[in-house]
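For reference, the chains in residue letters:
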Amino acid sequence: MSQLARRRSRYGLTSRAHNTSEAGRAGPAGGLAAGRAAAQARAMAKLLSCVLGPRLYKIYRERDSERAPASVPETPTAVTAPHSSSWDTYYQPRALEKHADSILALASVFWSISYYSSPFAFFYLYRKGYLSLSKVVPFSHYAGTLLLLLAGVACLRGIGRWTNPQYRQFITILEATHRNQSSENKRQLAKYNFDFRSWPVDFHWEEPSSRKESRGGPSRRGVALLRPEPLHRGTADTLLNRVKKLPCQIASYLVAHTLGRRMLYPGSVYLLQKALMPVLLQGQARLVEECNGRRAKLLACDGNEIDTMFVDRRGTAEPQGQKLVICCEGNAGFYEVGCISTPLEAGYSVLGWNHPGFAGSTGVPFPQNEANAMDVVVQFAIHRLGFQPQDIIIYAWSIGGFTATWAAMSYPDVSAVILDASFDDLVPLALKVMPDSWRGLVTRTVRQHLNLNNAEQLCRYLGPVLLIRRTKDEIITTTVPEDIMSNRGNDLLLKLLQHRYPRVMAEEGLQVVRQWLEASSQLEEASIYSRWEVEEDWCLSVLRSYQAEHGPDFPWSVGEDMSADGRRQLALFLARKHLHNFEATHCTPLPAQNFQMPWHL
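Computed from a prediction, not measured in an experiment: that's the story for all the values here.

Attention shifts here to the overall build of the protein chain. The number of helices and strands found in the protein chain is 19 helices and eleven strands. Within the protein chain, contacts between residues at least 6 apart in sequence are counted, and of these 76% link residues at least 24 apart. Carbon and sulfur atoms provide 58% of the accessible area of the protein chain, an area that totals close to 30800 Å².

What follows is the structure in structure tokens.
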């Protein structure tokens, strides 16, 4: 080989060796740089999650027997929560997050006030001439600047969260649960109370296999409701009549969707919920920490998300723990502080839920949305919680009677229905609080948009029913609380008995039941009952023999060939079995000893 070739070969080897040496030195440095870049990317992603993440209210206390192991082998996406005692207290935000939260909460309140007062504000600005283009453009600049400032405050809040190890741990668990809803991830997420909009969906309305195979189930438009009869029967539905009705229909729609819905369900007003937030958080903490309650989000067929709380008593020695009581709250009631406490104290398993638009539930509480929500709650109780319909009791207070009677009508196999301080129909109560000149508009609005026809739905149910009447009720009376005969619970009882026992509730039976309802004390009730010498054994034998011969389906023709005294005795007996008095006002909590199962043959 020539000298030139040897030089080239030597230089080539030297060059290759030099390149290899450079690559060896660059490899570790490049790996470190890539690692740092990945760490920075993860840190920025975590910071963004903290900026966009939900507000964290509380970290629940954890019992020693329920603490999770330090490692979770079940799934690679499961995360581990530290067991420091500092985690057993209310969440303590850092100063930056705390002050930023206060600013954003104040802005939210101002926005809500502006929303409700916007019609008056626009009218005032129009009268003053402030809606011209020359004045609107500067205002839009101010609004844009304010939005940018609020966005900056939100970013500062995110930085405050990012510097808080408790919030970083929470957001890690939340993201892991959204990726993989394993039982361990859900268990760890249940330790936190945070903005429910970020809670993952636990149950879907189409989840039961029977729903997917059945054509008669609910659609995305909603479950079936009983439709009201037309106000004017026999009128031809021509184009001219439709045009004539159009202004009234528009007025009814506007009243129902503005003033009417908020008057009927004041609990859906944001400002009221904001004022009640500390009480609701305390109620949730009591249910979770003291009663081992489990929170869940249900997705109804209309897309609304329903906030629920389940307390399981099936593991206790009390037999009533095997029964599930589904609680339907009033128009300003929440499961956190509502009627759920009564069956809880009585030892039952309990499932509470919030109306659409209340607390963690989304949507607005119109009758269709209410029925859709109740439907997914019952499906959740049957298909996820594992209760048979025969083990489910529907319990309602006040306006919750609408969803309770709908559930009884739609799920006729439920064990029983208990209605506390409820009414037969909304129209008389709506007319009570509105001017007489609005009678036609109020009636039309209720029938078309807010038709709470409790009595009509209850008459479709064949099972045991108990009505609890408040003797000093100031809400569902149409005159004054002292006038007990104006309590619409009386009309609910009469309509139920007249449907089930039309022969017994003829003229004589109806008259004597009205006398009994008019009694203002237990002594007067007993006096009327004894005056007609009601023989309970005879009444039971008559009803049982009829049931054995004709079956349980209503209406019954019992009493058809009976004397007037016999019909009076049966009517009083049935009225006393279906209605119990409770000497209290409308909002007084029902004691556990007054929570009794309805009578049945």
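The positions UniProt marks with the feature "transmembrane region" (unreviewed entry) are residues 103-127 and 139-159. The distance from the first to the last C-alpha atom of residues 103-127 is 32 Å, and the span holds 100% helix and 0% strand.

Let's shift gears to the pairing of strand β9 (residues 416-420). Among the five residues of β9, five are classified as buried, and the element is accordingly described as predominantly covered. Of the two faces of β9, the one lined by A416, I418 and D420 and the one lined by V417 and L419 are each fully buried. Here five bridges tie strand β8 (residues 392-397) to β9, and the two strands are oriented parallel to one another. Paired with I394 across the two strands is V417, which belongs to β9. Remark: the β8/helix α11 (residues 401-410)/β9 crossover connection has right-handed handedness. Taken together, the four bridges between β9 and strand β10 (residues 465-470) define a ladder with parallel strand orientation. Following the sheet pairing, I418 is matched in β10 by L466.

Looking now at the nonpolar core. Nonpolar side chains tend to gather and get buried jointly when the protein is soluble and globular. Membership of the largest hydrophobic core comes to 99 residues, with the highest contact counts inside it found for I326 and I394. Residues in contact with I394, not counting those within four places in the same chain, are I326, C328, M374, A404, A407, V414, A416, V417 and I418. One finds C339, V350, I393 and W397 within the second-largest nonpolar core, a separate group that totals 29 residues.

Here helix α18 (residues 536-550) is 15 residues long and its end C-alpha atoms lie 21 Å apart, about the 21 Å a rise of 1.5 Å per residue gives. Taken as a whole, α18 has its buried residues at C539, L540, V542, L543 and Y546. In an axial view of α18, the angular spread of the buried residues amounts to 165°, which keeps them on one side of the axis. The outward face of α18, more than 90 degrees from its buried face, is lined by the exposed residues D537, A548 and E549. Along its buried surface, α18 packs onto α19 (564-578). Among the residues trailing α18, G551 stands out with phi positive, at a value near 95°.

Before going further, it helps to examine the environment of Q511. Relative to the helices and strands, Q511 resides in helix α16 (residues 507-518). Separated by 57 residues in sequence, Q511 and R568 have C-alpha atoms that sit 8.6 Å apart.

To continue, consider a negative patch on the surface. A cluster of acidic residues, E482, D483, E518 and E524, forms a negative patch at the surface. Residue classification places D483 among the partly exposed residues on the basis of a relative accessible area of 31%.

To continue, consider empty space enclosed by the protein. Space left empty within the atom packing is revealed by a probe, the size of a water molecule, rolled over the atoms. Throughout the structure, instances matching the rule amount to two cavities of 30 Å³ or more. Taken as a whole, the second largest cavity holds about 60 Å³ of empty space. L419, A421, S422, L467, I468, R469, R470, I476, N487, G489 and L492 are the residues that line the second largest cavity. Taken together, the elements giving at least two residues each to the lining of the second largest cavity come down to β10 and α15 (488-500). By residue number, the principal contributor to the lining of the second largest cavity is β10, which donates four residues. Looking at the lining of the second largest cavity residue by residue, the class counts come to six nonpolar, three polar and two charged.

Procedures and definitions
- Residues numbered from 1 in each chain as written.
- Predicted model: local features only at pLDDT ≥ 70, side-chain atom pairs only at ≥ 80, totals over all residues.
- Heavy atoms only, no water.
- Helix = DSSP H or I, 4+ residues; strand = E, 2+ residues; numbered from the N terminus.
- Contact = heavy atoms within 4.5 Å.
- Areas by Shrake-Rupley, 256 points an atom, 1.4 Å probe, with all protein chains shown as cover.
- UniProt positions renumbered as here; feature names shortened; annotations may be inferred.
- Buried < 20%, exposed > 50% of the residue type's maximum accessible area, 1.4 Å probe, protein only.
- Pairing = 2+ DSSP bridges.
- Right-handed = clockwise from strand over helix to strand, strands pointing away.
- Core = buried A, V, L, I, M, F, W, Y, C linked by side-chain atoms within 4.5 Å.
- Expected span 1.5 Å × (residues − 1).
- Arc of directions from axis to C-beta.
- Patch = residues over 30% accessible without salt bridge, like charges linked within 9 Å, V, L, I, M, F, W, Y side chains within 5 Å.
- Salt bridge = Lys/Arg side-chain N within 4 Å of Asp/Glu carboxyl O.
- Lys, Arg positive; Asp, Glu negative; His and termini not counted.
- Charge placed at Lys NZ, Arg CZ, Asp CG, Glu CD.
- 1 Å grid on protein atoms, 1.4 Å probe; cavity = no way out; pocket = protein on both sides within 12 Å on 5 of 7 lines; lining within 4 Å.
- Points joined across faces, edges and corners; volume = space filled by probe spheres on them.
- Nonpolar A, V, L, I, M, F, W, Y, C, P; charged D, E, K, R; others polar.

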